[in-house]
Amino acid sequence: MAGDRPLNNDPPKHLSKRHWRAAVWLSAACLLLLSTGCLWFQTSLLGSGSSGPDSLTAQPYSLSIDQNDLVQELGYPEAFIILFYQGDAPDGSLLDVRQEVWEYYTAGKSYTFLDGE
């Protein structure tokens, strides 16, 4: 009879454990994909971008010696900004400039590169 046992509206224990395990595995897979994607995105932007505003016709960009030395010392930056603009040359013509700011927050350091230097 219904009066003999208390009513239990909770889902069966085996279902909640199965759902919990599935959620843990799904979360772990998402974190793995996210971290792999972030590392790929960061290295692709820093290591093989373009050296000018028109990336279809510009020569491939690779890290300078100074940038490679910094990567060896501190690793890739925790954050970075890359700006493309045109600056004035001494003769009055316009030069394409690539300015990068690399941020290492945990080390409290920031580095600025103009065309890799």
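Before reading on, note that the structure itself is shown above.
Residues numbered from 1 in each chain as written. Predicted model: local features only at pLDDT ≥ 70, side-chain atom pairs only at ≥ 80, totals over all residues. Heavy atoms only, no water.

1. Observations concerning the overall build of the protein chain
From N to C terminus, the protein chain includes two helices and three strands. The order of α-helices and β-strands along the protein chain, N terminus first, is α-α-β-β-β. Split into buried and exposed, the 117 residues of the protein chain put 20% on the buried side. Restricting to contacts in the protein chain with at least 6 residues of sequence separation, those with at least 24 account for 44%. Looking at the protein chain as shown, the accessible area adds up to about 9,200 Å², and 61% of this sits on carbon and sulfur atoms. (Helix = DSSP H or I, 4+ residues; strand = E, 2+ residues; numbered from the N terminus. Buried < 20%, exposed > 50% of the residue type's maximum accessible area, 1.4 Å probe, protein only. Contact = heavy atoms within 4.5 Å. Areas by Shrake-Rupley, 256 points an atom, 1.4 Å probe, with all protein chains shown as cover.)

2. Overview of the pairing of strand β1 (residues 79-88)
Note: β1 against strand β2 (residues 94-104), 10 bridges, orientation antiparallel. What sits directly across from I82, in β2, is E100. Turn length for the β1-β2 hairpin, with the two strands adjacent in sequence and antiparallel, is five residues, and the turn residue G92 shows positive phi of about 95 degrees. (Pairing = 2+ DSSP bridges.)

3. Quick look at the pattern of salt bridges
Enumeration over the complete set of coordinates arrives at one salt bridge. Note that E100 and R98 form a salt bridge whose closest N and O atoms lie 2.8 Å from each other. Given the relative accessible area of 0%, E100 is considered buried. (Salt bridge = Lys/Arg side-chain N within 4 Å of Asp/Glu carboxyl O.)

4. Looking at the side chain of Q67
Looking at where Q67 falls in the secondary structure, it is placed in helix α2 (residues 65-74). Side chain to side chain, Q67 and E100 meet in a polar contact 3.1 Å long. Aside from chain neighbours lying at most four places away, what touches Q67 is Y61, S62, E100, W102, F113 and G116. (Polar contact = N/O pair within 3.5 Å; in protein donor to acceptor, adjacent residues only side chain to side chain.)

5. Section: α2
Within the sequence span of α2, burial applies to Q67, L70 and V71. Buried residues of α2 fall within an arc of 100 degrees about the axis and therefore sit on the same side. Counted as exposed and oriented over 90 degrees from the buried face of α2: I65, Q72 and E73. The inward-facing, buried residues of α2 abut β2 and β3 (109-114). Positive phi shows up at G75, right after α2, with a value of about 85 degrees. (Arc of directions from axis to C-beta.)

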